[in-house]
Amino acid sequence: MTSSAAGDAGNRPPEGVVHDLAAGCTVEDVEEGASYLATVNGAVEYGVFVDLSEHVSGLVHESNLQNDYDVGDDLVVRLVEVRENGDLGFEEIDVAPDEVDVEDVVPGDDVGVEDLTDRVGDAVHLEGDVVQIKQTAGPTIFSIRDGTGVVPCAAFEEAGVRAYPDVELDDTVRVTGRVETREGALQIEVEGLSKLRGEAQEEVRERVDAALEERAEPADVEPLIDWPAFEKLRDDLADVARRLRLSVLESRPIRLRHHADGDGMCASLPVQVALENFVAEVHEDPDAPRHLFKRLPSKAPFYEMEDVTRDLNFALEDEERHGQRLPLLFMVDNGSTEEDTPAYRAMAQYDIPILVVDHHHPDPDDVGPLVEEHVNPYLHDEDYRITTGMMCVELARMIDPSITDQLEHVPAVAGLSDRSKADAMDDYLELAEQAGYTEDDLEDIGEALDYAAHWLRYQSGRNLINDVLNLECDDDERHEELVEFLSSRARRDVEEQIDDAEPHVEHESLDNGAHLYRLDVENHARRFTYPAPGKTTGELHDRKVTETGDPVITIGYGPDFAVLRSDGVRLDIPNMVTELQDEVEGAGVSGGGHLVVGSIKFVSGMRETVIDALVEKMEDAELDEDLRSTLVRDGGDE
């Protein structure tokens, strides 16, 4: 049976996908203008009757037919009207059923991820973006994001075989299936999954993007203390918090690299707790916090090529084996200097975004073009006395304000660990005291952190460090005993190291009136044990400052490095490094740090030349007696 009166309507190709209704679907699951797979159940003079499901049937009038059909034949139809009496009228779309994209439709309601907890056992529809595709030995797991959260959707073709192979990462899809729990976690058992195109895709994308933008917005929290210098950094930190929250919502893994010292851990641990809480809130997969966040200590105060090579290798393996996106790199308490740029350029080969929160003296012209966000007090005419730990406690509270009570003592630990003499230290110490910590307690925690970090080396030591810092620790007695044990061991080892090294310290008075102390830490300090060269130099320096009460510079040197500390002398170590690079040919000088705390590397054959040139620059530096009360003596930088 054919009809020339059907006009052009039935010749139009289907817009978007063609829906295939499951047997249990009713008229509540169809809509005018949509296209469907249908089966002829009867032929009459004026057309054919078709079934879309057990409960949905209607007529394709002869005027809307393009071809002849018998009972049992399949065709593609468009719903043109639902009459007042409930009858459905269709028109044929002149295309073969096996030449169209088909979306399975099962009975159920349209839901968001946030609604799934109350829908266990129900059939549902979910629209969103594919943010991860993981092939297991059984089903294919599609992680779908809709702006309210992320849920795993298990689709089974056969064991180990990729289901829906045409669906790719970042596709916008409609999932139909039943909400189930597996090992206590919610997931959708997929009965149908199809890509959305055209207007349907645009509508979902707009809805998801709007929801993501709203949910990525950081919390508007008041800082723990009133500190005008810090106010300059708040907007920058809010931008970082927004970007980190968005990464969680995108299912993009976050790799946090931090300097492995007291301030670095006081900065990174609060952010870790906040982000893992947010991941658990957004993702229905209970393993998501472990897969999407990793904290990685760095021994050097910059991003070494050894570290970036390792990070890239793991990221590419996770992309291939687990269907993850490439990560976002978050640099904490390092990452601001020209020494970081080779590693950043390696990351740029894979378009990996980079964020930096740091208080070391920056090289903004070198670093700025390679990172998305760079928070550093120097960029706002402040300096290193605002430690990274102080900044990151506020950053963590912007991500998850519920952890505020756990963090009130952490900025003071960070400040004491970095010997910060910032104006705000008194306020931070008072805040910590209100939380139950004396200044001696905080000093002990800082010593314990440094000691633990030294022996952990490249391991994050999540649980141990949490117990030392008393984050997420439900056993105060264990915290106190652990801190006492580690801090006492640290002080014992430092005392022994300094006592053994003291007879070998060389002293001279510089022309500007400062004392210069030198120690060959390679030959006159124990190697491969605690304290490391930077800590040894810092502790020796503190003793000499106390003994003399005068301006002091201390150099601890080895075959190819020197660690520098200064009080009461206006040094600019990053600038000195730059000058030595130009002035001492063939020395391979590199390094940096704070203005008066830092380290320098060079080729071993040029050690004496570099150190002599360095001392000449120190003799030309101005003294500032008043400055000594405000300088940082950071024993952690190496």
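Refer to the structure printed above.
Residues numbered from 1 in each chain as written. Predicted model: local features only at pLDDT ≥ 70, side-chain atom pairs only at ≥ 80, totals over all residues. Heavy atoms only, no water.

Turning next to the sheet that holds strand 16 (residues 328-332). Spatially, 5 strands are ordered 15-14-16-17-18 in an open sheet, and the strand pairing comes out parallel. In this open sheet, the two strands that pair with only one neighbour each are strand 15 (293-298) and strand 18 (373-375). Here the average twist between neighbouring strands, direction ignored, is 15°. Pairing of strand 16 with strand 17 (residues 354-357) involves 4 bridges; the strand directions are parallel. Bridge assignment links Leu-329 to a residue of strand 17, and that residue is Ile-354. (Pairing = 2+ DSSP bridges. Helix = DSSP H or I, 4+ residues; strand = E, 2+ residues; numbered from the N terminus. Axes fitted to C-alpha atoms, helices over the stretch in contact; angles between N-to-C directions.)

The subject of this paragraph is helix 6 (residues 305-322). Its 18 residues place the ends of helix 6 25 Å apart at the C-alpha level, agreeing with the 26 Å of an ideal helix rising 1.5 Å per residue. Turning to helix 6, its buried residues number three or more, namely Asp-307, Val-308, Asp-311, Leu-312, Ala-315 and Asp-318. Viewed along the axis of helix 6, the buried residues span an arc of 130°, placing them on a single side of the element. Exposed residues lying more than 90 degrees from the buried face of helix 6 are Glu-320 and Arg-321. (Expected span 1.5 Å × (residues − 1). Buried < 20%, exposed > 50% of the residue type's maximum accessible area, 1.4 Å probe, protein only. Arc of directions from axis to C-beta.)

All right, on to the pairing of strand 12 (residues 172-182) then. Where a strand is regular, its side chains alternate between the two sheet faces. Note that strand 9 (residues 123-135) and strand 12 share 7 bridges and pair antiparallel. By the bridge assignment, Ala-123 is partnered in strand 12 with Arg-178. With 10 bridges connecting them, strand 12 and strand 13 (residues 185-195) associate as antiparallel partners. Paired with Gly-177 across the bridge in strand 13 is Val-190. Where strand 12 hands over to strand 13, the hairpin turn is made up of 2 residues, of which Glu-183 adopts a positive phi near 50°.

Axis angle and axis distance: for two packed helices, these are the angle between their axes and the distance between the axes, and together they describe the pair. Here helix 11 (residues 410-417) crosses helix 12 (residues 425-434) at 130°, and the two axes come no closer than 8 Å. Viewed along their axes, helix 11 and helix 12 adopt a mutual orientation that is oblique. Crossing of helix 11 over helix 12 shows left-handed handedness. Counted together, Pro-411, Ala-412, Gly-415 and Leu-416 of helix 11 and Met-425, Tyr-428, Leu-429 and Ala-432 of helix 12 form the full contact between these two elements. When grouped by side-chain class, the residues that make up the contact of helix 11 with helix 12 number 7 nonpolar, 1 polar and no charged. (Parallel < 35°, antiparallel > 145°, perpendicular 65-115°, else oblique. Left-handed = near helix turned anticlockwise from the far one by under 90°. Contact = heavy atoms within 4.5 Å. Nonpolar A, V, L, I, M, F, W, Y, C, P; charged D, E, K, R; others polar.)

Here we come to empty space enclosed by the protein. Tallying each qualifying case throughout the model produces 5 cavities of 30 Å³ or more. Quantified by volume, the second largest cavity comes out at close to 60 Å³. As for the second largest cavity, its lining consists of Pro-301, Phe-302, Thr-337, Glu-339, His-360, Gly-591, Gly-592, Gly-593 and Ser-599. Among the elements that make up the lining of the second largest cavity, the one with the highest residue count is strand 23 (residues 590-593) (3 residues). A breakdown of the residues in the lining of the second largest cavity according to their chemical character gives 2 nonpolar, 6 polar and 1 charged. (1 Å grid on protein atoms, 1.4 Å probe; cavity = no way out; pocket = protein on both sides within 12 Å on 5 of 7 lines; lining within 4 Å. Points joined across faces, edges and corners; volume = space filled by probe spheres on them.)

Within the largest apolar cluster, 97 residues are counted, with the highest numbers of intra-cluster contacts made by Trp-227, Leu-244, Phe-330, Leu-395, Leu-449 and Leu-469. Considering each element in turn, this core owes the most residues, 11 residues, to helix 4 (residues 262-282). With near-sequence residues (within four places) excluded, Leu-469 lies in contact with Met-265, Cys-266, Leu-269, His-409, Val-410, Val-413, Ile-445, Leu-449 and His-479. Residues Ala-514, Ala-562, Leu-580 and Ile-600 belong to the second largest nonpolar core, which totals 30 residues. (Core = buried A, V, L, I, M, F, W, Y, C linked by side-chain atoms within 4.5 Å.)

Looking now at the sheet that holds strand 23. Taken in spatial order, the 6 strands of this open sheet run 19-20-21-22-24-23, and their pairing is mixed. Whereas interior strands pair on both sides, the edge strands pair on one side only; in this sheet they are strand 19 (506-509) and strand 23. The mean angle between the axes of side-by-side strands here comes to 15°, regardless of whether they run parallel or antiparallel. With 5 bridges connecting them, strand 22 (residues 561-567) and strand 24 (residues 597-601) associate as antiparallel partners.

On to the pattern of salt bridges. Within this structure, the stated rule accounts for 50 salt bridges. The shortest N-O distance in the salt bridge between Glu-502 and Arg-543 comes to 3.9 Å. Of this pair, Glu-502 sits in the loop between helix 15 (476-501) and strand 19 while Arg-543 sits in helix 16 (residues 533-548), placing them 41 residues apart in sequence. For Arg-543, a relative accessible area of 24% corresponds to the partly exposed category. Residue Glu-539 pairs with Lys-535 through a salt bridge whose shortest N-O separation is 3.5 Å. Of this pair, Glu-539 and Lys-535 both sit in helix 16, separated by 4 residues, roughly a single helical turn. Just as Glu-539 is buried, Lys-535 falls in that class too. Residues joined by salt bridges that share partners form a network here, namely Arg-419, Glu-447, Asp-450, Lys-535, Glu-539 and Asp-542. (Salt bridge = Lys/Arg side-chain N within 4 Å of Asp/Glu carboxyl O.)

Function cannot be read off these values alone, since they describe shape.
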